[in-house]
Amino acid sequence: MLRRTLIIAAVFAFATGCSTIKGVFADKATKALAPAELVDIASPLAVRKAWTRKLGDEKASLGLRQRPAIEGDRVFVSDDAGRVLALDLNSGATLWDSEVVRAGKEGGGLLFWRRKTIDGGVTGGPGVGNGLVVAGGRNGEVVALDAETGAERWRAKVTSEVIAAPLVAGDRVVVRSNDGRTFGLDAADGTRKWVFDRGLPTLSVRGNGAPVTDGNLVYLGYDDGNVVALRAADGLVAWTQLVAESEGRNDLARMSDVDGEIALGYSELYASSFAGQTLAISTQNGRPLWSRDTGGYTGLALLGDRVVLADPAGTLWALDRSNGSAVWKQEALARRWLTTPAVQGDYLVVGDVEGYLHWVRAEDGTLAGRERLGRAPILATPQVSPLGMLLAVDSEGRLAAYPSPAQ
């Protein structure tokens, strides 16, 4: 488990260090890995912040991709102190605030590089649906709250840390724990109805993609490079499909995690692997529809007849949904550790390692606008409400809302 944590922490520490300690190690190798310099955008979009909130500053030490959840005119978020909050989507005002998991601290010391570590708290971003808001904790806690009032409805326990947002799927709440198990809990009282257990490889990226559902099946990407479809009612496997082979001479080379968001279409889904492979899969039987050697550690989004994603090099791609061929690519954000794209009207929005949000024209991939949320990395995928409000949160817990930009 320690190795699972260290790899992502080391990656982001190095990435942010390259951009903030310029000139200290100014050799060719360091410069080659530094985020690409940003260039001015001609006639940029008029991007503005509607409001901002601070949710705490410990998320950076967790290395998590916690994202807000939106339902109607409310946004649900968690903070460092083990609380879940409901905010007004348009103003950011607090509607209710509930402590669900107590977050203690341990460790520390006199030396400046020693930081206190959190031994509790909410580690999985909230999931919302059917009148429930469900959050997971560092020690396997699962707590369901009333979405209207924040009152606790029930509390359950799974076998390990919950770092992905739970899924509310009809009469089930589907929760992933960080030991490879997935639990189906009764949405009414939290009792365990089923558990699916899949082993973990020796080394993998710290992160789990949130489950998605079409109503009957629940789809999950796994650390061994597979996508698994489970029946929501009983947790039985409907099908399994390999996205990318685990190949290489060592554990690092064999990493093939499917950790980013899975994009679900009408009768197909799309998944991307850390090994650099993207696969379109039939939801009826798990049969591959097409494959392309473009992929990465983040997930995908759907935009009309296209699939959009960012690869590890920082290149944004738009792929044809019918066959996987490239429609366009944008390379100006190289080495900026981009998030999964979000779709806001006619634009794609990605966050980066230096705290910038970038608006990209969906039609042709040209850069259209830019706004800096803060100086901390943006790890979580920005979320967009049905009316076009975009929400983004950085690794220090700074949350901001952006209306659809004007030309």
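The structure presented is a predicted model; accordingly, all values stated were derived computationally and were not measured. (Residues numbered from 1 in each chain as written. Predicted model: local features only at pLDDT ≥ 70, side-chain atom pairs only at ≥ 80, totals over all residues. Heavy atoms only, no water.)

A.B. asks: Can you tell me about the nonpolar core, naming the residues and giving the values?
C.D. replies: Ranked by size, the top nonpolar core spans 15 residues in total, and within it Leu316, Trp328, Leu333, Leu338, Leu348 and Val360 carry the most contacts. Of all the secondary structure elements, the ones that give two or more residues to this core are strand E24 (300-303), strand E25 (306-310), strand E26 (316-320) and strand E29 (347-351). Excluding anything up to four places from it in sequence, Leu316 contacts Leu309, Ala310, Trp328, Lys329, Gln330, Leu333, Leu338, Pro341, Val350 and Val360. (Core = buried A, V, L, I, M, F, W, Y, C linked by side-chain atoms within 4.5 Å. Buried < 20%, exposed > 50% of the residue type's maximum accessible area, 1.4 Å probe, protein only. Helix = DSSP H or I, 4+ residues; strand = E, 2+ residues; numbered from the N terminus. Contact = heavy atoms within 4.5 Å.)

A.B. asks: So what's going on with the confidence of the model for the protein? Residues and values would help.
C.D. replies: In the predicted model, the protein carries a mean pLDDT of 84, and 79% of its residues have values of at least 70. Averaged pLDDT values over the elements of the protein bottom out at 42 in helix H1 (residues 2-20) and peak at 98 in strand E30 (residues 356-361). In the model, residues 59-63 has pLDDT below 50 throughout and makes 15 contacts with residues more than four positions away in sequence or in other chains. Note on residues 108-118: pLDDT is under 50 here. Beyond four places in sequence and across chains, it has 17 contacts. (pLDDT = per-residue confidence, 0-100.)

A.B. asks: With reference to specific residues and values, describe the pairing of strand E23 (residues 288-292).
C.D. replies: Pairing geometry for strand E22 (residues 278-282) and E23, over 4 bridges, is antiparallel. Among the inter-strand pairings, Ala280 is bridged to a residue of E23, identified as Trp290. Once E22 ends, the chain turns through 5 residues before running back antiparallel as E23, passing Gly286 with a positive phi of about 80 degrees. (Pairing = 2+ DSSP bridges.)

A.B. asks: Residue-level account of unusual backbone geometry, with values.
C.D. replies: The backbone of Arg335 shows a phi angle near 60 degrees, a positive value even though the residue is not glycine. Along the chain, the position of Arg335 falls in the loop between strand E27 (326-330) and strand E28 (342-344). Unusually for a residue other than glycine, Trp337 sits at a positive phi of about 50 degrees. By the secondary structure assignment, Trp337 is in the loop between E27 and E28. Assessed through its relative accessible area of 25%, Trp337 is described here as partly exposed.

A.B. asks: Go over the pattern of salt bridges, please, and point to the residues and values.
C.D. replies: Applying the stated criterion to the full structure yields 18 salt bridges. Among the ionic pairs, Arg67 bridges to Glu261, the shortest N-O distance being 3.2 Å. You can see Arg67 sitting in the loop between helix H3 (59-62) and strand E2 (69-71) and its partner Glu261 sitting in the loop between strand E19 (237-242) and strand E20 (263-264), a full 194 residues away along the chain. Exposure remark for Arg67: the relative accessible area of 27% places this residue in the partly exposed category. Across the pair Arg231 and Asp234 runs a salt bridge, and its minimum N-O distance is 2.2 Å. A single network of salt bridges, built from pairs that share partners, joins Asp179, Arg181 and Asp197. (Salt bridge = Lys/Arg side-chain N within 4 Å of Asp/Glu carboxyl O.)

A.B. asks: Run through the side chain of Arg198, naming residues and quoting values.
C.D. replies: Assignment of secondary structure puts Arg198 in the loop between strand E15 (192-197) and strand E16 (212-213). Side chain to side chain, Arg198 and Asp224 meet in a polar contact 2.8 Å long. If near-sequence neighbours (up to four positions away) are discounted, Arg198 is found in contact with Asp179, Gly180, Tyr222, Asp224, Asn226, Val228 and Thr240. (Polar contact = N/O pair within 3.5 Å; in protein donor to acceptor, adjacent residues only side chain to side chain.)

A.B. asks: Tell me what's going on with the sheet that holds E23, and back it up with residues and numbers.
C.D. replies: Across the sheet, which stays open at both edges, the 4 strands sit in the order E20-E21-E22-E23 with antiparallel pairing between neighbours. Each edge of the open sheet is held by one strand with a lone partner, namely E20 and E23.

A.B. asks: Go over the sheet that holds E29, please, and point to the residues and values.
C.D. replies: The strands making up a sheet associate through backbone hydrogen bonding, with each pair oriented either parallel or antiparallel. Strand order across the open sheet formed by 4 strands is E28-E29-E30-E31, with antiparallel pairing between neighbours. For this open sheet the edge positions go to E28 and strand E31 (367-372), each flanked by a neighbour on one side alone. Ignoring strand direction, the axes of neighbouring strands in this sheet form an average angle of 25 degrees. Bridging between E29 and E30 involves 5 bridges; their strand directions are antiparallel. Bridge pairing in E30 links Val350 to His358. (Axes fitted to C-alpha atoms, helices over the stretch in contact; angles between N-to-C directions.)

A.B. asks: If you had to explain the pairing of strand E5 (residues 94-99) to someone new, which residues and values would you point to?
C.D. replies: With 5 bridges connecting them, strand E4 (residues 83-88) and E5 associate as antiparallel partners. Each residue of the ladder has a partner; that of Ala86, found in E5, is Trp96.

A.B. asks: Describe the packing of aromatic side chains, with residues and values.
C.D. replies: Across all of its chains, the model carries 5 aromatic pairs by this definition. Ring centres 5.9 Å apart and planes at 40 degrees place the aromatic pair Tyr219 and Trp239 in the tilted group. Taken as a pair, Tyr219 in strand E17 (residues 217-221) and Trp239 in strand E19 lie far apart in primary sequence, 20 residues in all. The burial state of Tyr219 is the same as that of Trp239; both residues are buried. (Phe/Tyr/Trp six-rings, centres within 6.5 Å; stacked < 30°, edge-to-face > 60°.)

A.B. asks: Explain the environment of Val195 to me, and be specific about the residues and the numbers.
C.D. replies: Assignment of secondary structure puts Val195 in strand E15. Sequence separation of Val195 and Gly184 is 11 residues, and the distance between their C-alpha atoms is 6.1 Å. Non-local contacts of Val195, meaning those with residues more than four positions away in its chain, are made with Arg181, Thr182 and Phe183.

A.B. asks: Would you mind going over the environment of Lys54 in detail, with residue names and values included?
C.D. replies: In this fold, Lys54 is placed in strand E1 (residues 51-54). By relative accessible area, Lys54 is classed as partly exposed at 45%. Put simply, Lys54 and Asp394 are 340 residues apart on the chain and 9.8 Å apart in space, counted from C-alpha to C-alpha. Dropping the residues within four chain positions of it, Lys54 is found in contact with Glu396, Gly397 and Arg398.

A.B. asks: A description of the environment of Val393 should follow, citing residues and the corresponding values.
C.D. replies: As for its position among the elements, Val393 is in strand E33 (residues 390-393). A C-alpha to C-alpha distance of 9.1 Å links Val393 and Pro377, two positions 16 residues apart in sequence. Those residues in contact with Val393, other than ones at most four positions away along the chain, are Leu55, Gln66, Pro68, Leu373, Ile378, Ala380, Arg398 and Leu399.

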